[in-house]
Structure formats: C-alpha cells, structure tokens
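Architecture at a glance
This is what each chain is made of:
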Amino acid sequence: MASTDTAPVLDKDATADVGAGLDALDAVVTQRTPLLATLRQKALPPVVAVVLVLVVWQLAFSLKLTAEYKLPSPGMVWAALADLWTKGTLFSIIWTSLWRGLSGFVAAVIIGTPIGLLVAQVRPVRAAIGPILSGLQSLPSVAWVPAAVIWLGVNNSTMYAVILLGAVPSVANGLVAGIDQVPPLLLRAGRTMGATGLTRARHVLLPGALPGYLAGLKQGWAFSWRSLMAAELIAASPDLGVGLGRFLENQREFNDMSGVLLGIILILIVGVAIDLLFFSPLERRVLRNRGLLHGSR
C-alpha cells in the first residue's frame, strides 16, 4: 500500500524570494544626506532660535522694560566681547577654564571607571558604596568649594578636587547603570569563551554597557564644567589666573552687566561646543553601530 504522506515542496522561485527578503531586512541601507538638507535640519533650527532670542532681547532693551545697567543691549555685550579681543585676553580666559575642565574630566573618567566596574560587579561594595555615589551625585558642587579651600588652599588642587568630587560619581553611576542593562546572554557567552577579570571587563562589560556609560560620561562632563565654574566663582588668587568663572565674578564686582552676560554666554558656548564636537558624534557612532540610529537623529 502506497504511503499517503507527502512532504511539502517549496517552489524554487518562492524560496529565492524569501531569501532575498531576509537579506533585505538584514542589509543596512546608508544614504548620504545632502549638505543643504543637513544644514536645514540641524543648523537652521538653533540659528533661528538664537536670532529669536536676540530679537526679543533687543526689543526688551528698546522698550526700556528695565534699567539699562540691569539689561544692556546685545550690541553692548558685543562691545564687551570686542574689548576682550582687542586686549588679547579672550582666548586666555577661555583656555584657562577649558584646560582645567578637560583635564579634570579625564581624571574623573580614569578614577570613576574602575569604581563603577567594582560597584557593578561586587555586591557588598554596591551595598556599601552605591548609596554614597548616588548621594554625592545629587550634592551641589558649590558645597565642596569651602571645604576644598580649607583642606588644600586657594590653588589648582582645589579646582581639581571640586571637579573630581562632582564628576566621578556621575561617571561611576553611568557605568553601573550601563552594566545593569547588559543582556545576560552576552555575559554567559563571555564566561563560556573564558573571559574573566580585566579581559571580561574590556571585551564584554564595557562594550555591552557603552550606551549607559556614554550617558554617564556626558553627565560627568556637565558636572565637571559646573563644578569648575562654581570653584572659580568663589576661589580667587593671582596664582589661579583668570578663567571664565573668575571673569564673571570680576564683572559682577565691577557692576558691569554687559561683562556678566558675556561671561554667562561664553560659559554656555564652551559647554555646548564640547557636547557638539565630541559627545554627539560619539553617541551617533555608538547608536549607528548598534542599529539604533533613527532618521530623526
């Protein structure tokens, strides 16, 4: 008696179509965005926002909503900037703060990364240190300045101490959060392949935790910059030179509102520039490599 069981037979053309469809799903189509479209999408909105702020600012000045010494015009602030340029002190003031901020941030990364790895991997350490790191992260950076001045004196050591106390907890907590989100399958695969100790940290934990770690680095830079400005505002010494924070406080003492607004704007520009030039491209690269970069970014 002949068997009535029949195996399904797939048409070769249908199989090829299915395979082509799966290949299309796996393929990453990259198209170069035209320059004009890029400028329109990314450069135009902030430019329009800045122009709008300047228009409202000038309008408020023209309508004399408050006294001139409280709200100078954009032209008066521009004149203060031109005065610094003429004196040749503009870049010196910016570089003094920028160098301190960047070097302090690098030191915070070097210190905060192993702390984050230790806290994330050792439960007793997490139970003991984790709440302290969270508390330090929420503590305003300016609160450390008086203590640092008493401990270390009015010098660069005080500046870097305040930066580290503000930034290290953010870097460490960012790495801990990133490691907590690493898929367990990836951790088991690392153990199966014999990754332990520093090898596991370098090739499994850090790559897997990179999005959270990067978020911690961005926050760490923000805390570094804010901490430095707080320290420069309070601590004054000829040995420290004049950074942006000290320039801002000097203008306040001179009751020069144009200089005060200029200082605020320069602090804002430096902070935004570091994010746009370093952190944003790095974030896009990480997301692109993980297939998470959407068209809206």
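Values in this document were obtained by computation on a predicted structure and should not be read as measured data.

**Here's the deal with helix α7 (residues 156-180)**
The end-to-end C-alpha separation of α7 is 36 Å, in line with the 36 Å expected for 25 residues at 1.5 Å each. For α7, a buried count of 18 out of 25 residues is recorded, marking the element as mostly surrounded by other parts of the structure. The backbone nitrogen of serine 157 lies 3.0 Å from a side-chain oxygen of the residue at the head of α7, namely asparagine 155.

**What to know about the UniProt feature "transmembrane region" (unreviewed entry) in the protein chain**
Sites flagged by UniProt as "transmembrane region" (unreviewed entry) map to residues 43-63, 75-95, 101-120, 132-154, 160-179 and 260-280. Here residues 132-154 runs as 70% helix and 0% strand, with 27 Å between its end C-alpha atoms. Secondary structure content for residues 160-179 is 100% helix and 0% strand, and the end C-alpha separation is 28 Å.

**Describing the packing of helix α4 (residues 90-121) against helix α5 (residues 123-138)**
Between α4 and α5, the least distance of the axes is 6 Å, while the angle of their chain directions is 125°. Regarding the angle of α4 to α5, the classification is oblique. Here α4 contributes Ile115, Leu118, Val119, Ala120 and Gln121 to the contact with α5, which in turn contributes Arg123, Val125, Arg126, Ile129 and Leu133. Residue composition of the contact of α4 with α5, grouped by class: 7 nonpolar, 1 polar and 2 charged.

**Some words on the packing of aromatic side chains**
One pass over the structure, following the stated rule, counts 6 aromatic pairs. Aromatic side chains phenylalanine 105 and phenylalanine 279 sit 5.9 Å apart centroid to centroid with 80° between the ring planes, which places their arrangement in the edge-to-face category. Here phenylalanine 105, found in helix α4, pairs with phenylalanine 279, found in helix α12 (residues 257-289); they are 174 residues apart in sequence, far enough to count as distant. There is no split in this pair, since phenylalanine 105 and phenylalanine 279 are both buried.

**Some remarks on the pattern of salt bridges**
This structure, assessed with the given rule, holds 6 salt bridges. With a closest N to O distance of 3.2 Å, aspartate 83 and lysine 87 form a salt bridge. With a gap of 4 residues between them, aspartate 83 and lysine 87 both fall in helix α3 (residues 74-87), about one helical turn apart. Its relative accessible area of 58% is what places lysine 87 among the exposed residues. The salt bridge involving aspartate 275 is made with lysine 218; its shortest N-O contact spans 3.8 Å. Here aspartate 275, found in helix α12, pairs with lysine 218, found in helix α10 (residues 210-234); they are 57 residues apart in sequence, far enough to count as distant.

**Comments concerning the packing of helix α6 (residues 144-152) against α7**
In contact at an axis separation of 9 Å, α6 and α7 are set at 140° when each is read in the N-to-C sense. If you check the angle between α6 and α7, you find them oblique. Judged by the sense of rotation from one axis to the other, the crossing of α6 with α7 is right-handed. Note on element contacts: α7 touches α6 through Ser157, Thr158, Ala161, Val162 and Leu165, opposite Trp144, Val145, Ala148, Val149 and Leu152. Taken together, the residues that form the contact of α6 with α7 break down as 8 nonpolar, 2 polar and no charged.

**Here's the deal with the nonpolar core**
Core analysis: the largest hydrophobic core is formed by 52 residues, its most contacted members being Ile179, Leu217, Trp225, Leu244, Leu262 and Phe279. Look past the residues within four positions of leucine 217 in its chain and what remains in contact with it is Phe105, Val109, Val171 and Phe279.

**With respect to a nonpolar patch on the surface**
A cluster of nonpolar side chains, contributed by Leu268, Val272, Leu276, Leu277, Phe278 and Leu282, occupies part of the molecular surface with about 600 Å² of accessible area. Assignment of secondary structure puts leucine 268 in helix α12.

**Concerning unusual backbone geometry**
One non-glycine residue, lysine 64, adopts positive backbone phi at about 55°. Of note, the phi angle at asparagine 255 is positive, near 60°, even though the residue is not glycine. Mapping asparagine 255 onto the fold places it in the loop between α11 (244-253) and α12.

Conventions adopted
- Residues numbered from 1 in each chain as written.
- Predicted model: local features only at pLDDT ≥ 70, side-chain atom pairs only at ≥ 80, totals over all residues.
- Heavy atoms only, no water.
- Helix = DSSP H or I, 4+ residues; strand = E, 2+ residues; numbered from the N terminus.
- Expected span 1.5 Å × (residues − 1).
- Buried < 20%, exposed > 50% of the residue type's maximum accessible area, 1.4 Å probe, protein only.
- Polar contact = N/O pair within 3.5 Å; in protein donor to acceptor, adjacent residues only side chain to side chain.
- UniProt positions renumbered as here; feature names shortened; annotations may be inferred.
- Axes fitted to C-alpha atoms, helices over the stretch in contact; angles between N-to-C directions.
- Parallel < 35°, antiparallel > 145°, perpendicular 65-115°, else oblique.
- Contact = heavy atoms within 4.5 Å.
- Nonpolar A, V, L, I, M, F, W, Y, C, P; charged D, E, K, R; others polar.
- Phe/Tyr/Trp six-rings, centres within 6.5 Å; stacked < 30°, edge-to-face > 60°.
- Salt bridge = Lys/Arg side-chain N within 4 Å of Asp/Glu carboxyl O.
- Left-handed = near helix turned anticlockwise from the far one by under 90°.
- Core = buried A, V, L, I, M, F, W, Y, C linked by side-chain atoms within 4.5 Å.
- Patch = residues over 30% accessible without salt bridge, like charges linked within 9 Å, V, L, I, M, F, W, Y side chains within 5 Å.
- Areas by Shrake-Rupley, 256 points an atom, 1.4 Å probe, with all protein chains shown as cover.

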